[in-house]
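Fold and geometry: a report
This is what each chain is made of:
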Amino acid sequence: MTDTHCPYCALQCGMRLSPNPAGGVPEVTGRDAFPVNRGALCGKGQTAAALLAPGVRLTAPLVRDADGLREASWEEALDRVAGAMKATAAAQGPDAVGVFGGGGLTNEKAYLLGKFARVALRTRSIDYNGRFCMSSAAAASRAAFGLDRGLPFPLADVARTGCVILVGANPAETMPPAVRYLRELRENGGTLVVVDPRRTRTAELADLHLQPLPGTDLALALGLLHLAVAEGHVDEEFIAARTTGWADARAAAMAHWPERVEALTGVPVPQLREAVALFTRTPHAMVLTARGPEQQSKGTATVGAWIDLCLATGRAGRPLSGYGCLTGQGNGQGGREHGQKADQLPGYRSLEDPGARAHIAALWGVDPGALPHSGSSAYELLDSLGRPGGVRTLLVMGSNPVVSAPDAARITRRLTALDHLAVCDVVLSETALLADVVLPVTQWAEETGTLTNLEGRVLLRRAAVTPPAGVRSDLAVLHELAQRLGHATGFSSVPEEVFAELRRATAGAPADYSGISYDRIAAEDGVFWPCPSPEHPGTPRLFLDRFAHPDGRARFTAPSHRPAAEEPDEAYPLYLTTGRTVSHYQSGAQTRRVPELAAAAPGPYVELHPDLAAGLGVREGELVTVTSRRGTVTAPARLTAAIRADTVFMPFHWPGAGRANLLTNPALDPVSRMPEFKVCAVRVEKAVLP
Ligand code: SF4
């Protein structure tokens, strides 16, 4: 038996893998003792062992010849990748070689990938798919609090607060075991307000569901803050003692009076008043966001507006109160801390901070001046592929941008314009299918490594089974490539050795892991960062005494409403919003290969209101086309009164004709560089069958 964690989302549920008496893949059970999921697993976790079955995953490297991909030896495959990297760097400079990481990579992999880019490749061209996930929340938290940790408190606190406003989050489908805390909140007398353009399974649980137009969450937050001011719920003492910038935030809120906010959002004034009453009638309250408000071209400002509401009402930096982000990807938190972001060094250190550069350069044995500076964000990096002055040779590790990137046809064209594409993956993903070299790597239960869940709890995923012959770890791939690029040392393939180096890299940093060891994680079933010494207990709750800015005060951001980058018009009269379903995880590369999950959710669909469908002459199950300025997709209609009649919804897990990201808008947030996945303009028509 091996105690480990789920391969999928940021809840990182504890699970136990046991030998199967009937043979085959191990049995999976939820681990009661792990405090986050307390034994519960969703369908994805329960069936995760299917990914370990023979035939599901890659077991030999593939290289592309004139006839397509063929099996090859590891030596040939690695030599090809290293050779392409050297040739491109020699001909076009180091920045023409790029790496693209993932929010599912372990902390060790994220760390070593960042070091590989900056030391072995000396390139600025590194970013990762977490940019598409929680980057707006991270940017807003850093601006407001001086530090970003998805939840600055344990998830269990949600059950003990007085009111939770859940904005653009649907944990009943994305992380079902977390719903227990929402149910307990209500059983304990607390209230739940859900903000979502769709009446989701989570919204069904709420005391109050606000159903705004897509892209208006910022105006909604300012409207609630306006009412909080007008109705005397501002905590002047807290504002004076622990914040700066209130005058501007107050002015921004007062410019968003209730009737104006109703006109912008579609949420009636009485509902705005009810939400404020629920949020302010209790001394403890929280706002939690997820991708809904974050994946917008004003995502950082939108999250900032919700944080302003918390600060103005004294609901931050206190027990059982505050703002938090429900991070999505398995290592969405750790993946953004250890250096695979374009502008970051390990430990949340800035790549542009001379002190941070000196610290990391000394650890890595290089001159600080030799460390590259910040590069382009994920979408900009992908959009540069194959262009003059852009990236010409790319290594993708743990990501499937053909399905998950916005304006996916454009990004697919860019990937095919590369001189050389190498992909490390467990399965032959849609991106791997385009590669010149595919390197088959070990997966969750075949390797050991740490992840940091949405609470900032550092966890140990343990190897439970022996990987198939022919497969190597991502760390081993980086070790081998670094050697071929002239770095005989400095790139260990042993996870615990990499973690030991990561601990030194983060010492004294905001995300300090230096007191955390594999042995300690095992003994304590997780340790919260920051944890600056082996004697330190870890930090489950942040900001109780002071915020992380040098003066200890939080910052109001005082944003104003602005429209989405693309609003409906005559040609494209409807909003499209995208998201996830309960049976699949992200691009679906893993979950589409699990028979139970594929049977439960076999393909894409378009959710539309019956009134809209009637106007279009569309009945349940009939094919519709959805067209945006970037592309057209075809999928069956699913009629539901749970969605606004001016909005359609598509899940984004599938490739092919129903690939939702063919439609989405890559307009970027100016701060986080997050694309606007959640809002674009489309038209919907009944499909004309040939
Ligand atoms: Fe838990 Fe998420 Fe895995 Fe489901 S997918 S079992 S919610 S970690």
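Residues numbered from 1 in each chain as written. Predicted model: local features only at pLDDT ≥ 70, side-chain atom pairs only at ≥ 80, totals over all residues.

Going by an unreviewed UniProt entry, the protein chain carries the name Nitrite reductase and comes from Streptomyces bauhiniae.

Some thoughts on the overall build of the protein chain
Summing up its helical and strand segments, the protein chain has 22 helices and 30 strands in all. Taking 690 residues into account, the globule formula puts the C-alpha radius of gyration at 26 Å, and the protein chain, at 24 Å, falls close to it. Dimensions of the protein chain, computed from the C-alpha atoms along their principal axes, are close to 70 × 70 × 55 Å. Expressed as a percentage of its 690 residues, the buried residues of the protein chain come to 60%. Look at the contacts in the protein chain between residues 6 or more apart in sequence, and 73% of them connect residues 24 or more apart. (Helix = DSSP H or I, 4+ residues; strand = E, 2+ residues; numbered from the N terminus. Rg over C-alpha atoms; globule rule 2.2 N^0.38 Å. Buried ≥ 20, exposed ≤ 12 C-beta atoms within 10 Å, placed from the backbone. Contact = placed C-beta atoms within 7 Å.)

Details of the UniProt feature "domain: 4Fe-4S Mo/W bis-MGD-type" (unreviewed entry) in the protein chain
Feature annotation in UniProt assigns "domain: 4Fe-4S Mo/W bis-MGD-type" (unreviewed entry) to the following positions: residues 1–56. Secondary structure across residues 1–56 divides into 7% helix and 23% strand, with the first and last C-alpha atoms of the span separated by 23 Å. (UniProt positions renumbered as here; feature names shortened; annotations may be inferred.)

Concerning the sheet that holds strand E10 (residues 208–210)
Strand order across the open sheet formed by five strands is E10-E9-E8-E12-E13, with parallel pairing between neighbours. In this open sheet, the two edge strands, each paired with only one partner strand, are E10 and strand E13 (322–325). The mean inter-strand angle of the sheet, taken between neighbouring strand axes irrespective of direction, is 15°. Here five bridges tie strand E8 (residues 163–167) to strand E9 (residues 191–195), and the two strands are oriented parallel to one another. Of the residues in E9, the one forming a bridge with Val164 is Leu192. Sitting on the sheet, helix H13 (residues 299–312) is in contact with E8, strand E12 (286–289) and E13, with an inclination near 170° to E12. (Pairing = 2+ DSSP bridges. Axes fitted to C-alpha atoms, helices over the stretch in contact; angles between N-to-C directions.)

Considering unusual backbone geometry
The peptide bond linking Trp529 to Pro530 adopts the cis configuration, its omega dihedral lying at -5°. By the secondary structure assignment, Pro530 is in the loop between strand E21 (527–528) and strand E22 (554–555). A positive phi angle, close to 50°, is found at Asp407, a residue other than glycine. Within the secondary structure, Asp407 is located in the loop between helix H16 (401–404) and helix H17 (408–416). Judged by the 25 C-beta atoms lying within 10 Å of it, Asp407 falls in the buried class.

Side note on helix H3 (residues 107–121)
Taking 1.5 Å per residue, 15 residues should reach 21 Å; H3 reaches 20 Å between its end C-alpha atoms and fits that length. The buried count for H3 comes to 15 of 15 residues, which makes it a mostly enclosed element. Where H3 terminates, the next one or two residues include Arg122, which has phi positive at roughly 55°. (Expected span 1.5 Å × (residues − 1).)

Things to note about the site of the ligand
Around the ligand, a shell composed of 14 residues is seen, among which Cys6, Cys9, Cys13, Cys42 and Gly45 lie nearest. The residue makeup of the shell around the ligand, split by class, is ten nonpolar, three polar and one charged. Two domains each put at least three residues into the shell around the ligand: domain 1 (2–52) and domain 3 (135–326). (Near = placed C-beta within 6 Å. Nonpolar A, V, L, I, M, F, W, Y, C, P; charged D, E, K, R; others polar. Domains from an automatic or database assignment.)

Focus on the pairing of E8
Burial analysis of E8 places five of its five residues in the buried class, the great majority of the element. Covered by surrounding structure in E8 are Cys163, Ile165 and Val167 together with Val164 and Leu166, the residues of both alternating faces. The pairing of E8 with E12 spans four bridges and is parallel. Across the sheet, residue Val164 finds its bridge partner in E12, namely Met286.

Concerning the packing of helix H4 (residues 135–145) against H13
As a packed pair, H4 and H13 sit with axes 8 Å apart at the nearest point and diverge in direction by 50°. Relative to H13, the element H4 is oriented oblique. For the element pair H4 and H13, the recorded crossing hand is right-handed. Here Ser136, Ala137, Ala139, Ala140, Ala143 and Ala144 of H4 come into contact with H13, specifically with Gly299, Thr300, Val303, Gly304 and Ile307. (Parallel < 35°, antiparallel > 145°, perpendicular 65-115°, else oblique. Left-handed = near helix turned anticlockwise from the far one by under 90°.)

Digging into the domain arrangement of the protein chain
Domain parsing of the protein chain yields domain 1 (2–52), domain 2 (62–132 + 332–443 + 472–491), domain 3 (135–326) and domain 4 (574–686). Contact with domain 1, which involves eight residues of that partner, is made by ten residues of domain 4. For the side of domain 1 that touches domain 4, the residue count by class is five nonpolar, two polar and one charged.

Regarding the environment of Asp419
Along the chain, Asp419 turns up in the loop between H17 and strand E17 (420–425). For the pair Asp419 and Glu262, spaced 157 residues apart in the sequence, the C-alpha separation amounts to 52 Å. Apart from residues no more than four positions distant in its own chain, Asp419 is found in contact with Ala84, Thr88, Arg392 and Thr393.

Thoughts on the sheet that holds strand E1 (residues 2–5)
Read from one edge to the other, the open sheet built from three strands follows the order E1-E2-E3, with strand pairing classed as antiparallel. Pairing within the sheet leaves two strands with one partner each, and these edge strands are E1 and strand E3 (27–30). Here the average twist between neighbouring strands, direction ignored, is 35°. Two strands pair when backbone bridges link them, and strand E2 (residues 14–18) and E3 are joined in this way by four bridges, in the antiparallel orientation. Residue pairing for E3: Leu17 is matched across the bridge by Val28.

Describing the nonpolar core
Counting residues in hydrophobic clusters, the biggest one holds 214 residues, and the most contacted among them are Phe116 and Val193. Not counting chain neighbours up to four residues away, the residues in contact with Phe116 comprise Val99, Leu121, Leu478, Ala482 and Phe491. (Core = buried A, V, L, I, M, F, W, Y, C linked by C-beta atoms within 7 Å.)

Overview of the environment of Val36
In this structure, Val36 sits in the loop between E3 and helix H1 (43–46). Between the alpha carbons of Val36 and Glu455 there is a distance of 9.4 Å; along the sequence they are 419 residues apart.

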